[in-house]
Amino acid sequence: MQLKAIIVEDEETSREILRNYIAKYCPLVKIMGEAENIDEALVLINNNALDLVFLDVEMPFGNAFDLLEKVPDRSFETVFVTAYDHYAMDALNAHASYYLLKPISIDKLIEAVDYVTEIKEKENTLQDRVLQPKQLQMNGKITIPVQNGFEVLEVDQILYCQADDNYTNIYLTDGKKLVSKTLKYFEEILTPSGFARVHKSYLVNVNKIVEYRKGKGGSVVLSNNKEIGVSPSKKKALLSFFA
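Residues numbered from 1 in each chain as written. Predicted model: local features only at pLDDT ≥ 70, side-chain atom pairs only at ≥ 80, totals over all residues. Heavy atoms only, no water.

Caption draft 1: Spatial organisation of the overall build of the protein. Per the secondary structure count, the protein includes seven helices and 17 strands. Per element, the accessible surface of the protein, about 12,200 Å² overall, is 47% carbon and sulfur. When the 28 basic and 35 acidic side-chain charges of the protein are each reduced to a single mean position, those positions are 6 Å apart. (Helix = DSSP H or I, 4+ residues; strand = E, 2+ residues; numbered from the N terminus. Areas by Shrake-Rupley, 256 points an atom, 1.4 Å probe, with all protein chains shown as cover. Lys, Arg positive; Asp, Glu negative; His and termini not counted. Charge placed at Lys NZ, Arg CZ, Asp CG, Glu CD.)

As structure tokens, then:
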């Protein structure tokens, strides 16, 4: 599929290099425009139905995070392009689908475009469709520690788990449990039963997802109407359950 994209970069030489790389190695990416600051980028974003934004982190009078805060209901994916690697964790956790360091590796650029293409194809497949997860292995039980021993939970009664420092809140169809185990612990034991880590703080029961929303960077709605945001770095794995 074709990806409609823009380049947001304050350095003209960097824009030219990226533009030429995309034209030569990523022919399915159509550059709709270029911007050298936040204001110009907002005009392009508001005037085009974009799939992808190549975004430099550091710019005059603001940075990439400032720009994205001005576009809360966004449906495009973001690839950060920067010379500074100390932004990587913030980018991948909250804002970006992919992170490219300058000087740009052609192989990494192709990987980034392929990654976003797969996400957009799956989103388009899921649009206006009743969600039917591939995995329906929800017949098991798990045990959780309590003060006087342990308690048995039916896995198919778990809606989602939320991290709380070294504890985890387990939200059930009929209540909530606070457990002295990390979210990573539950991710390891529940993933084979159809659970997906959609955010650094959330693990969801895929079989309880009733809607996927592309806006706001992507989110899922569970059967209890709880809406949970999906981190860009987790989106591809989540969508693989459905398409």
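Alright, that's what it looks like, and here's the rest.
Caption draft 2: Molecular detail of the sheet that holds strand E3 (residues 52–56). In space, the five strands of this open sheet follow the order E2-E1-E3-E6-E7, with parallel pairing throughout. Of all the strands in the sheet, the pair left with one neighbour each is strand E2 (29–35) and strand E7 (98–101). In this sheet, neighbouring strand axes are inclined to one another by 20° on average, regardless of whether the strands run parallel or antiparallel. Pairing of E3 with strand E6 (residues 77–82), which is carried by five bridges, proceeds in the parallel orientation. Across the sheet, the residue bridging to Phe 54 is Val 79, located in E6. Contacting strand E1 (3–8) and E2, helix H2 (residues 38–47) crosses the sheet at an angle of about 140° to E2. Strands E1, E2, E3, E6 and E7 of the sheet are contacted by helix H5 (residues 106–126), whose axis makes an angle of about 165° with E7. (Pairing = 2+ DSSP bridges. Axes fitted to C-alpha atoms, helices over the stretch in contact; angles between N-to-C directions. Contact = heavy atoms within 4.5 Å.)

Caption draft 3: How the structure looks around the pairing of strand E13 (residues 195–199). Buried residues dominate E13, accounting for four of its five residues. In terms of strand pairing, E13 meets strand E14 (residues 202–205) through four bridges, oriented antiparallel. If you follow Phe 195 over to E14, its bridge partner there is Asn 205. The antiparallel hairpin formed by E13 and E14 contains two residues in its connecting segment. (Buried < 20%, exposed > 50% of the residue type's maximum accessible area, 1.4 Å probe, protein only.)

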